[in-house]
Amino acid sequence: LDMEMQKLISGAHRRCREVCTELRKRQMATDAAKRECDKLDGESKHLKAEAADLRRSVRSMESDLKRQPELLVEREELQLRVRALEQELAALTQRELLLESDR
């Protein structure tokens, strides 16, 4: 082969090696990007589930907060009932003692 043809062939081989090297680099970068994308997808799913849990918790707290006045009234009524029953018990206990002492 003449010198010009050898130069062209040699240049073509060199260019082919450069292109193959560049393709390998880009394939590695693509693979790394896919791994990162998969990792981010996993994190996204986890965060979405966490956000859904938080939304449920907030709704539950809001519901509890809406019922708070009603619950406070109910608690106060129960406390009054307990006090009344305690007073009734004390009176009955005192009466029992009086009756026993009269015997």
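Computed from a prediction, not measured in an experiment: that's the story for all the values here.

Asker: Help me understand the pattern of salt bridges, please; the structure alone is not making it clear to me.
Answerer: Where charged atoms of side chains with opposite charge meet at close range, the side chains can pair. Under the criterion given, the structure shown has five salt bridges. With a closest N to O distance of 2.2 Å, R56 and D53 form a salt bridge. Taken together, the residues R56 and D53, both in helix α1 (residues 3-102) and three residues apart, mark about one turn of the helix. Here the residues in one salt-bridge network are R14, R15 and E18, joined through shared partners.

Asker: Whenever I open this one, a nonpolar patch on the surface confuses me. Can you help?
Answerer: A surface patch of nonpolar side chains, about 260 Å² in accessible area, is lined by M5, L8 and I9. On the basis of relative accessibility, which here comes to 53%, the residue L8 falls in the exposed class.

Asker: Any chance you could explain the environment of L47 here in plain terms?
Answerer: Relative to the assigned elements, L47 resides in helix α1. Overall, L47 belongs to the exposed group, its relative accessible area being 51%. Separated by 45 residues in sequence, L47 and L92 place their C-alpha atoms 62 Å apart.

Asker: Whenever I open this one, the environment of A12 confuses me. Can you help?
Answerer: Relative to the helices and strands, A12 is located in helix α1. Its relative accessible area of 46% is what places A12 among the partly exposed residues.

Asker: Sorry if this is basic, but what is going on with α1 here?
Answerer: Across its 100 residues, α1 extends 140 Å between first and last C-alpha, which sits within 8% of the 148 Å expected from 1.5 Å per residue. Most pronounced at Q68, the bend in α1 amounts to some 45°, and the proline P69 follows within four residues.

Asker: Looking at this structure, I do not really get the environment of A33. What am I missing?
Answerer: When you line up the elements, A33 lands in helix α1. Note: C-alpha distance between A33 and L98 (65 residues apart in sequence) is 90 Å.

Asker: Looking at this model, I keep getting lost on the state of the cysteines. Mind explaining?
Answerer: Chemically, a disulfide is nothing more than a covalent bond linking the sulfur atoms of two cysteines. Counted under the stated rule, the structure contains zero disulfides. C20 takes part in no disulfide bond, and the closest cysteine sulfur, belonging to C16, lies 4.3 Å away. The class for C20 is partly exposed, based on a relative accessible area of 33%.

Scoring rules and cut-offs
Position labels on residues start from 1 in each chain and follow its written sequence. In view of the model being predicted, local features appear only for residues whose pLDDT reaches at least 70, and side-chain atom pairs are presented and counted only at 80 or more, with totals across whole chains, interfaces and linings using the full set of residues. Side-chain figures throughout are based on the complete set of non-hydrogen atoms in the structure, without hydrogens or water. One side-chain nitrogen of Lys or Arg within 4 Å of one carboxyl oxygen of Asp or Glu is enough to make a salt bridge. Per the convention used, a helix needs a DSSP run of H or I reaching at least four residues, while a strand needs a run of E reaching at least two, with both numbered from the N terminus. Patches here: salt-bridge-free residues with over 30% relative accessible area, like charges joined within 9 Å, nonpolar side chains (Val, Leu, Ile, Met, Phe, Trp, Tyr) joined within 5 Å. Only the protein chains shown count as cover for residues, and all accessible areas are computed by the Shrake-Rupley method using a 1.4 Å probe. Only protein chains enter the area calculation, which uses a 1.4 Å probe; residues under 20% of their type maximum are buried, those over 50% are exposed, and those in between are partly exposed. In this scheme, a helix's expected span is set at 1.5 Å multiplied by one less than its residue total. A residue's bend is simply the angle between two axes: one fitted to the seven residues ending at it, one to the seven starting at it. Here, a disulfide means two cysteine sulfur atoms that sit within 2.5 Å of each other.

Functional significance is not addressed by these values, which are geometric in nature.
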